[in-house]
Structure formats: C-alpha cells, structure tokens
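Coordinates in review
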Amino acid sequence: AQSVTQLDSQVPVFEEAPVELRCNYSSSVSVYLFWYVQYPNQGLQLLLKYLSGSTLVKGINGFEAEFNKSQTSFHLRKPSVHISDTAEYFCAVSRASRGATNKLIFGTGTLLAVQP
Amino acid sequence: SAVISQKPSRDICQRGTSLTIQCQVDSQVTMMFWYRQQPGQSLTLIATANQGSEATYESGFVIDKFPISRPNLTFSTLTVSNMSPEDSSIYLCSVGGIETQYFGPGTRLLVL
C-alpha cells in the first residue's frame, strides 16, 4: 500500500519569498506523484505531476517539484510567492502499474499562507 | 483535460434525510471517482464507478449509505443517505486515467 506524509500542516511565508512544501511517500512499487492546489471554496487543480523521466518537474503558476527516489520525497518549490498563492496544497501518489486502479492517495495537506 | 460540473454546489440538510449529488463530465470517461473531504481533512476515496457495473467501495464506505449510479459515460450520482452531522463534508467527483485525475468543484454539504 502507498502512503503520503506532508510534514507541515501550515507554512507562513512573506510575499516574494521562496517556499518549499515537503512531501514524503512510502510504497513498495513504482509510483506516480502529484501536487494539487485547492483555493478557498474551490475544487482541486493539478499543479504538476511526475510520471517518469526528468526528476525535476515544472508545473503551472511557477511551481516546480523534484522527485528524489532515494529519499522518497517529492517536495514542491516556488522561488517567489504571491498573495494569490495562498491555498491548501495536497501531495498525492498512485501506483504506476498497468492494470492497477487509478486510486489517488492524498496527504493531509499544507496550508500555504502568504503574508504581505 | 476534462470539464466537470457538480450539482448542487452546496446544501444544508436535516439529519435523517438523503441528498443526491450529480456529476457531469464534458467527455466520455471510463472511470469516475467519488471523494469525501471532511472539514480540515484530506481527501478520502469513497468509491470508483465504472459504467455498466457496480461501484467499488473503499474500506469504511458501504453501498447502503452511499449508493452510486453510473448510467452512462458522462454522468454519475452519489447519494448520501440517512444523513447525520458527521456527513458534513465536501464531496468531489473526479475522472481520469492512471496518469492524472481531474476534479469537479465539489459539493459542500452541511447536515444539521
């Protein structure tokens, strides 16, 4: 079975500062990794995903994440945040096996609170 | 990508009643998923719905409480039956393949 741990429930940061949201996963099989963002009172939007290939993945809104297999991590980063980045961020994992169900396992989320 | 709509967007219900949530997709999809997001919590998968077959429920969720219909490749419903305040949550449907999933805007349910 897969599991996801988001180490920080809340990350306060000042506008234009860099930010890293941490995500670690556990799995005995190969996985796909995802970051989703949920703005207040909205559904989930896919930020980026790692399926294979380059371990550095670039997503929308200037976010990027790096897959580190040895550390089983998939941390999300942005060099300079904006007020509009204030949202809940969810890391998720799914099995990368043909025939497997498409079930996503979500972490508990990290609230990114950008302050002026 | 897929455009997903849900109805209602929010509702306030009395305990003991039932609410049916609709999910409509703008393209034909094989698998649809229903998730629950309890207040301040992460998302938990309720069930997977394939067209033409019974939904597959995750541990802790049963058909009597959360019956699901999947009449065609673009539509599904989730019913929350005999509601209690503990059912107050956001209910989201999603579609997609193994490499990505798209989510609807959610239905915000408050049970009094």
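First, a word on what this report is: a plain description of the structure on this page.

Conventions adopted
Residues numbered from 1 in each chain as written. Chains lettered and ligands numbered in written order. Predicted model: local features only at pLDDT ≥ 70, side-chain atom pairs only at ≥ 80, totals over all residues. Heavy atoms only, no water. Helix = DSSP H or I, 4+ residues; strand = E, 2+ residues; numbered from the N terminus. Rg over C-alpha atoms; globule rule 2.2 N^0.38 Å. Contact = heavy atoms within 4.5 Å. Disulfide = S-S within 2.5 Å. Buried < 20%, exposed > 50% of the residue type's maximum accessible area, 1.4 Å probe, protein only.

1. Some remarks on the overall build of chain A
Within chain A, the regular secondary structure consists of 0 helices and 12 strands. Counting from the amino terminus, chain A carries its helices and strands in the arrangement β-β-β-β-β-β-β-β-β-β-β-β. Scaling as 2.2 N^0.38, a compact globule of 116 residues should have a C-alpha radius of gyration of about 13 Å, and chain A matches this with 14 Å. Expressed along its principal axes, the backbone C-alpha trace of chain A runs to roughly 45 × 30 × 20 Å. Residue pairs at least 24 apart in sequence account for 58% of intrachain contacts in chain A once pairs closer than 6 positions are excluded.

2. What about the state of the cysteines?
All names here are of chain B. For the structure shown, the criterion picks out 2 disulfides over all chains. Here Cys23 engages in a disulfide with Cys93; their sulfurs sit 2.0 Å apart. With the S-S bond torsion at 70°, the cross-link from Cys23 to Cys93 turns out right-handed. One end of the pair, Cys23, is in strand β3 (residues 19-25); the other, Cys93, is in strand β9 (residues 89-97), and 70 residues separate them in sequence. Neither Cys23 nor Cys93 differs from the other in exposure class; each is buried. Cysteine Cys13 remains unbridged, with the sulfur of Cys93 as its closest cysteine sulfur at 17 Å.

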